[in-house]
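Given next are the chains, with one letter for each unit.
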Amino acid sequence: MMSVLKGRSKDIIETIIKGVGILSVLPVLGIFAYIIFKGVPAITWTFLSETPRAGMREGGIFPVIVGSIMLTVGTIVASVPFGILTGVYLVEYSKDNWLRRIINLTIVNLAGIPSIVYGLFGMAFFVIAMGMGRSLLAGSLTLGIMSLPVIITATREALLAIPKSLREASLALGATQWETTWKIVLPAALPGILTGIILSVSRAAGETAPIMFTAAAFYLPFLPESLSDQVMALPYHLYVISTQVPNMPESNMMGTLFVLVFITVGFNLLGAYVRNKFRKFR
């Protein structure tokens, strides 16, 4: 009798948990469905290939897309090498001392800082103190700093997941510590590292506050030609046309929103695909 009651209680608990999980996903699916329903009709070749005109109420978002891509590439260049090398240092080379503990504490604190603080820091340091002005370079560096904690943490956790026996076997065969790290440990940890990189970059691609003060322009009828130029970017452009431009057609706002969501969700799906793909080759 007791076993039957325990079995029923277990079934009830599992049903409740499943129901809560479904209820938590439904709002997200509803938002996606609404964005697709409203945004897809606005996606045309003209919308994707032309520059905004008539006060951004007509035309397309081509410079906005290009600006977002350039900021994303700049973020990758500014954050990925430093993030991976820092993670490697913390796991493979550093000793358990006060310096390592300070670095780990700093990484945790940086991960919890709101994006608006990164934007203000970028404006104060890169734009004003370093004299870069509002530019592609200043925005990329600001987003790169914001992405560092996620990349460092992902690299560190991926390296810690590699068994010590793998390192010991490599060292026993005469390889140096650097050869072991570069040729054995890093390839084995690559799926986790790539996942962290893609997730951090997808977050950076959708941020508004950091680029609002460092890189984004209200309107530019041309593409940036150097790192010192300002850029238009999807998150800030969506904010502008939603709040600053009167009589903006809803189709333009929803089309821009759809492109932004498509890119950010695409990055996340790419991260899952890359992780699963590399795991098959391990």
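The rules behind each value
- Residues numbered from 1 in each chain as written.
- Predicted model: local features only at pLDDT ≥ 70, side-chain atom pairs only at ≥ 80, totals over all residues.
- Heavy atoms only, no water.
- UniProt positions renumbered as here; feature names shortened; annotations may be inferred.
- Helix = DSSP H or I, 4+ residues; strand = E, 2+ residues; numbered from the N terminus.
- Buried < 20%, exposed > 50% of the residue type's maximum accessible area, 1.4 Å probe, protein only.
- Contact = heavy atoms within 4.5 Å.
- Axes fitted to C-alpha atoms, helices over the stretch in contact; angles between N-to-C directions.
- Parallel < 35°, antiparallel > 145°, perpendicular 65-115°, else oblique.
- Left-handed = near helix turned anticlockwise from the far one by under 90°.
- Nonpolar A, V, L, I, M, F, W, Y, C, P; charged D, E, K, R; others polar.
- Phe/Tyr/Trp six-rings, centres within 6.5 Å; stacked < 30°, edge-to-face > 60°.

- The protein carries the name Phosphate transport system permease protein PstA in an unreviewed UniProt entry, which gives Propionigenium maris DSM 9537 as its organism.
- The record in UniProt for the protein states the following under Subcellular location (unreviewed entry): "Cell membrane".
- Here is the UniProt Sequence similarities (unreviewed entry) comment for the protein, exactly as written: "Belongs to the binding-protein-dependent transport system permease family. CysTW subfamily."

## Quick notes on the UniProt feature "domain: ABC transmembrane type-1" (unreviewed entry) in the protein
No. 1: Under the local residue numbering, the UniProt record ascribes the feature "domain: ABC transmembrane type-1" (unreviewed entry) to residues 65-271.
No. 2: Taken end to end, residues 65-271 comprises 76% helix and 0% strand; its first and last C-alpha atoms sit 21 Å apart.

## Concerning the side chain of Thr214
No. 1: Relative to the assigned elements, Thr214 resides in the loop between helix 9 (209-212) and helix 10 (234-243).
No. 2: A relative accessible area of 0% means that Thr214 is categorised as buried.
No. 3: Those residues in contact with Thr214 that lie beyond four places of it in its chain are Gly119, Gly122, Met123, Val127, Gly133, Arg134, Ser135, Ala138, Gly139 and Thr142.

## Thoughts on unusual backbone geometry
No. 1: Here the phi dihedral of Asn247 falls at roughly 55°; this positive angle occurs in a residue that is not glycine.
No. 2: Mapped onto the elements of the fold, Asn247 is located in the loop between helix 10 and helix 11 (250-280).

## Remarks on the packing of helix 5 (residues 115-129) against helix 6 (residues 136-160)
The geometry of a pair of packed helices is captured by two quantities: the angle between their axes and the separation between those axes.
No. 1: Two elements in contact, helix 5 and helix 6, have axes separated by 9 Å at closest approach and are oriented at 135°. Looking at the two axes, helix 5 sits oblique to helix 6. The two elements helix 5 and helix 6 meet at a crossing, and its hand is right-handed. Along the contact surface, helix 5 presents Ser115, Tyr118, Gly119, Phe121, Gly122, Phe126 and Val127, while helix 6 presents Ala138, Leu141, Thr142, Ile145, Met146 and Pro149.
No. 2: Its residues assigned to classes, the contact of helix 5 with helix 6 comprises nine nonpolar, four polar and no charged.

## Some words on the environment of Gly255
No. 1: Mapped onto the secondary structure, Gly255 falls in helix 11.
No. 2: It is 38 Å that separates the C-alpha atoms of Gly255 and Glu157, two residues lying 98 residues apart in sequence.

## Looking at the packing of aromatic side chains
No. 1: With the rule as written, the count across this model stands at six aromatic pairs.
No. 2: Seen in terms of ring centroids, Phe121 and Phe126 are 6.0 Å apart; in terms of plane orientation they differ by 80°. Their pairing is edge-to-face.
No. 3: On the basis of relative accessibility, which here comes to 37%, the residue Phe121 falls in the partly exposed class.
No. 4: When the ring of Tyr236 is compared with that of Tyr239, the centres are 6.0 Å apart and the planes differ by 35°; the resulting orientation is tilted. In this pair, Tyr236 and Tyr239 are both assigned in helix 10, three residues apart and thus about one turn of the helix distant.
No. 5: For Tyr239, a relative accessible area of 36% puts it in the partly exposed group.

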